[in-house]
Amino acid sequence: MEDDNNVDFHQKLLSIDEKLELEDIESLKFLCSDLITPKTLEGIKSAHQLFQKFMDEDLLNKEDCFLVAELLFLIKQYYLLQNIGYTKEKVLQELSTKGKISSYRVMLYNLSEEVTQLDFEYIKFLMHKDIPKTLTSFLSLLRHMEKQELLSENNLEMLVKVCQPLSSNLTKRISQYKNEKKESENPLEGHVPEQPLSKAQEEKKLSVASGTAESLWEAFAKENTEETEQYMMGHRHRGLCLIFNNFQFQTMNFREGSCKDAVELRSVFKWLGFTVTIHDNTTKDEMERILTQCRTNPEHKDSDCFVCCVLTHGESGSVFSSDEKSIAIHDLTSYFMAHQCPGLMDKPKLFFLQACQGMEIQEGVPLEADARNASISPPAPKKIPQRCIPTEADFLLGLATVDGCCAIRNRMKGSWYIQALCHQLKRLVPRKEDILTILTVVNDEVTWSFELAEEEFIQRRGPLSW
């Protein structure tokens, strides 16, 4: 019986390992830097190896797996907590008494989550004389600074200098950590009799210097001139995220780079707490079946919202399935209207579509268009079709392009729109920006990318053309 329990415990840990990506493993290793020696961590390549080391060090066993729960909570992989009998709320309740990861380590990790790859390239440029070229992420920079004794729990000056040019929000988080550390070291200074904390206060206290993903959905609001009414984001689950990734067709162009978009979307929405499923190369019948099943999913009742991403070819007001049948955008959204999907009534429903809405384009190299046929002459742009606009409230429709035009996709790096969306979600959610502000920044980034590509192409071969 004991052996059966051990096997079951190891199977649960393996199931977690299978769902974590390389980036997640690096995050776990960084968070454990104070528990496991750096030399040992260098040889660890999987989550299961890390869990085994925890067991060797008597930090993890089948009776007490809180360390794993704490780590999953910190890297925001909330959906994996159920594998070991935890929920986000249960972790929060036990964190103050069972937590093993220092607030210093948590603060550094949360800073790294807020620093984008673009920010990191800027830091590398500023510090190119002082850091090796082999560093690939902000976490690797932090590890390097600690090895060089430029960063420690009591030495944060260099970190402040590094973060200062990027965002005042980063330096505020460092200051917040320093103030809380000072208060914990001098508990009697300005002492006031402690009152019991509410659940909301406890969560705020425990997320030291953290820019959590909660803010996006708290700030996704219905606004009017007198007051701001916010969506309730306190349900048991964040919600479901469907990703339709159609890249292979019968006669239409192969959508090279689409899988990179799908992987990036999965990573970002998992980070935001969603349960994500990807459906590759689905026919119209399969898409309709999946949407029907999703519409009746009982989880919607206990979820905050719903997200659907469609990566495919398209034309005005519609998208194409892998068997090249047209599906109206309005028909996609109609599955989740209140009378069809009561579980999502009065909850935000977000649709992001990477698909052409026509064939007018200014094309550069090596760019492709997500149109039915990118070789025929473009027609004149049409007016925005009303059939693609949801008739109910609580829908947000994000399109990669305007009606009559192509959506740009890089064969190597993925589409401009989806990559910009993922980039800005990771960058701006921790800074507590609302979804409409984020989409405005996404639009600006896509525009900037096009202007930059056009300028480079003009210098090399001439103006961009269809």
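Anything mentioned here points back to the structure above.
Residues numbered from 1 in each chain as written. Predicted model: local features only at pLDDT ≥ 70, side-chain atom pairs only at ≥ 80, totals over all residues. Heavy atoms only, no water.

Asks: Explain the sheet that holds strand β7 (residues 318-320) residue by residue, including any values.
Replies: Sheet architecture is open: three strands sit in the order β6-β7-β8, paired in antiparallel fashion. The open sheet is flanked by β6 (314-315) and β8 (326-328), the only strands paired with a single partner. (Pairing = 2+ DSSP bridges. Helix = DSSP H or I, 4+ residues; strand = E, 2+ residues; numbered from the N terminus.)

Asks: Can you lay out the pattern of salt bridges for me, pointing to particular residues and giving the numbers?
Replies: Under the defined criterion, the tally for this structure stands at 14 salt bridges. A salt bridge links Asp 34 to Arg 105, with the nearest nitrogen and oxygen atoms 2.9 Å apart. Of the two residues, Asp 34 sits in the loop between α2 (22-31) and α3 (38-42) while Arg 105 sits in helix α7 (residues 103-114), which places them 71 residues apart along the sequence. With a relative accessible area of 47%, Asp 34 lands in the partly exposed category. The partner of Asp 304 in a salt bridge is Arg 238, and the shortest N-O contact between them spans 2.5 Å. Residue Asp 304 is located in strand β5 (residues 303-311), and its partner Arg 238 is located in strand β3 (residues 237-245); the two are separated by 66 residues in the primary sequence. One exposure class covers both Asp 304 and Arg 238, and it is buried. Connected through salt bridges with shared partners, the residues Glu 26, Lys 29 and Arg 143 form a single ionic network. (Salt bridge = Lys/Arg side-chain N within 4 Å of Asp/Glu carboxyl O. Buried < 20%, exposed > 50% of the residue type's maximum accessible area, 1.4 Å probe, protein only.)

Asks: Go over the packing of aromatic side chains, please, and point to the residues and values.
Replies: Between two aromatic rings, the relevant description is the distance of the centres plus the angle of the planes. This structure, assessed with the given rule, holds 11 aromatic pairs. Between the aromatic rings of Phe 351 and Phe 395, the centroid separation amounts to 6.0 Å while the plane-to-plane angle is 25°, which identifies the pairing as stacked. In this pair, Phe 351 sits in strand β9 (residues 349-354) while Phe 395 sits in strand β12 (residues 395-399), placing the two residues 44 residues apart along the sequence. Phe 351 gets classed as buried once you look at its relative accessible area, which sits at 1%. (Phe/Tyr/Trp six-rings, centres within 6.5 Å; stacked < 30°, edge-to-face > 60°.)

Asks: Summarise the nonpolar core; cite the residues concerned and give the values.
Replies: Leu 20, Phe 54, Leu 60, Met 107, Phe 138, Leu 141 and Leu 159 are the most contacted members of the largest nonpolar core, which has 65 residues in total. It is helix α5 (residues 66-74) that contributes the most residues to this core, eight residues altogether. Counting residues domain by domain, this core receives three or more from each of domain 1 (1-101) and domain 2 (102-182). With residues up to four places along the chain from it excluded, the contact list for Leu 141 reads Phe 120, Ile 123, Ile 131, Leu 135 and Val 162. Judged by nonpolar contacts, the second largest core, of 36 residues, contains Val 268, Cys 305, Ala 400 and Leu 428. (Core = buried A, V, L, I, M, F, W, Y, C linked by side-chain atoms within 4.5 Å. Domains from an automatic or database assignment. Contact = heavy atoms within 4.5 Å.)

Asks: Could you give an account of the packing of α7 against helix α9 (residues 138-147), with specific residues and numbers?
Replies: It is at 9 Å that the axes of α7 and α9 come closest, and there the two elements cross at 140°. Between α7 and α9, the angle falls in the class oblique. Relative to α9, the crossing made by α7 is right-handed. In this structure, α7 contributes Tyr 104, Arg 105, Leu 108, Tyr 109, Leu 111 and Ser 112 to the contact, and α9 contributes Phe 138, Leu 139, Leu 142 and Glu 146. Residues that form the contact of α7 with α9 fall into these classes: seven nonpolar, one polar and two charged. (Axes fitted to C-alpha atoms, helices over the stretch in contact; angles between N-to-C directions. Parallel < 35°, antiparallel > 145°, perpendicular 65-115°, else oblique. Left-handed = near helix turned anticlockwise from the far one by under 90°. Nonpolar A, V, L, I, M, F, W, Y, C, P; charged D, E, K, R; others polar.)

Asks: Describe the pairing of β3, with residues and values.
Replies: Counting buried residues in β3 gives eight out of nine residues, a clear majority hidden from the surface. In terms of strand pairing, β3 meets β5 through eight bridges, oriented parallel. Its bridge partner being in β5, Gly 239 is matched across the sheet by Cys 305. Looking at chain direction, β3 and strand β4 (residues 275-280) are connected through six bridges and run parallel.

Asks: Got a sec to walk through helix α17 (residues 416-428)? Specific residues and values, please.
Replies: Compared with an ideal rise of 1.5 Å per residue, which puts 13 residues at 18 Å, α17 spans 18 Å between its outermost C-alpha atoms and is within 8% of the ideal. Buried residues dominate α17, accounting for 11 of its 13 residues. Looking at α17, one finds that the buried residues are Trp 416, Tyr 417, Ile 418, Gln 419, Ala 420, Leu 421, Cys 422, His 423, Gln 424, Leu 425 and Leu 428. (Expected span 1.5 Å × (residues − 1).)

Asks: Tell me about the sheet that holds β3, and please be specific about residues and values.
Replies: Ordered in space as β4-β3-β5-β9-β12, the five strands form an open sheet in which the pairing is parallel. At either end of the open sheet lies a strand with only one pairing partner, and these are β4 and β12. Strand-to-strand twist across the sheet, computed as the mean angle between neighbouring axes with direction ignored, equals 10°. As paired strands, β9 and β12 are joined by five bridges and run parallel to one another. Across the sheet, the residue bridging to Lys 349 is Phe 395, located in β12. Its contacts with the sheet put α17 on β5, β9 and β12, and the angle it makes with β9 is roughly 140°.

Structural measurements only, silent on function.
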